[in-house]
Amino acid sequence: MPTMKPVSDSLPADQNGATAMIDEGMQLVKAQFGSATLLPQKLWETQFAMVSEVLAFMGRRMQAQAEFCAKLGRCKEIAQAVDVHQDFARGIGGAYADEAEKLSTLARRNMDAWTGISAQDTSNWPGPRKAAA
């Protein structure tokens, strides 16, 4: 009958170093993820607002494209098709101009949020401060 060794909770000496490295690595990862939660709410809001606006715009454009195709399918004469196409083209210009304005405003807010974070970080800097030249 074979003899059985008792089970031990302690690791062999050569694995203690590897385990310590893994633990240290996990602590580092936790710290990095933890720092993401320190970003101001305003920054998260502006980032999500930009993504939301771009996706909503894409949805509106796809809907307009579908309506355009449906209108073209109902045309009986070439003159009708040309009119439908001209109307669609006029609408595109206005839609993209409006969207550029919205995204510009959101980008400005986003930069303001980042500038605020930068100012906070430098105000907490312990080193000597020099005036910009």
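Predicted model, so just to flag it, every value in this text is computed and none were measured. (Residues numbered from 1 in each chain as written. Predicted model: local features only at pLDDT ≥ 70, side-chain atom pairs only at ≥ 80, totals over all residues. Heavy atoms only, no water.)

Participant: Is there a simple way to think about the overall build of the chain in this case?
Facilitator: The number of helices and strands found in the chain is three helices and zero strands. Seen in sequence order, the chain has helices and strands lined up from the N terminus as α-α-α. Looking at the 133 residues of the chain, the share that counts as buried comes to 12%. Pairs at least 24 apart in sequence give 70% of the contacts found in the chain among residues at least 6 apart. Carbon and sulfur atoms provide 63% of the accessible area of the chain, an area that totals close to 11200 Å². (Helix = DSSP H or I, 4+ residues; strand = E, 2+ residues; numbered from the N terminus. Buried < 20%, exposed > 50% of the residue type's maximum accessible area, 1.4 Å probe, protein only. Contact = heavy atoms within 4.5 Å. Areas by Shrake-Rupley, 256 points an atom, 1.4 Å probe, with all protein chains shown as cover.)

Participant: How do you make sense of the packing of aromatic side chains when you look at a structure like this?
Facilitator: This structure, assessed with the given rule, holds two aromatic pairs. Judged by centre distance (4.2 Å) and plane angle (15°), the ring pair of F68 and F88 falls under stacked. With a gap of 20 residues between them, F68 in helix α2 (residues 41-74) and F88 in helix α3 (residues 78-123) connect regions that are remote in the sequence. For the residue pair F68 and F88, the accessibility class agrees, reading buried in each case. (Phe/Tyr/Trp six-rings, centres within 6.5 Å; stacked < 30°, edge-to-face > 60°.)

Participant: Would you take a moment to explain the environment of D87 for this structure?
Facilitator: Counting through the fold element by element, D87 comes out in helix α3. The exposure class of D87 is partly exposed, given its relative accessible area of 47%. For D87 and F68, which are 19 residues apart along the polypeptide, the C-alpha to C-alpha distance reads 9.1 Å.

Participant: Looking at this structure, I do not really get the side chain of N110. What am I missing?
Facilitator: With respect to the helices and strands, N110 occurs in helix α3. Within polar-contact distance, the side chain of N110 engages the side chain of T46 at 3.2 Å. When residues no more than four places from it in sequence are discounted, the contact partners of N110 are L43, T46, Q47 and M50. (Polar contact = N/O pair within 3.5 Å; in protein donor to acceptor, adjacent residues only side chain to side chain.)

Participant: Honestly, the pattern of salt bridges in this entry has me stumped. Any pointers?
Facilitator: Where charged atoms from two side chains of opposite charge approach closely, those side chains can pair. Under the counting rule described, the total for this entry stands at four salt bridges. Two residues, K102 and E53, come together in a salt bridge whose shortest N-O distance is 3.9 Å. One end of the pair, K102, is in helix α3; the other, E53, is in helix α2, and 49 residues separate them in sequence. Overall, the relative accessible area of 16% leaves E53 in the buried class. For the salt bridge of D87 with R90, the shortest nitrogen-to-oxygen distance reads 2.5 Å. Taken as a pair, D87 and R90 lie in helix α3 at a separation of three residues, close to a single helical turn. Judged by relative accessible area, which is 55%, R90 ranks as exposed. (Salt bridge = Lys/Arg side-chain N within 4 Å of Asp/Glu carboxyl O.)

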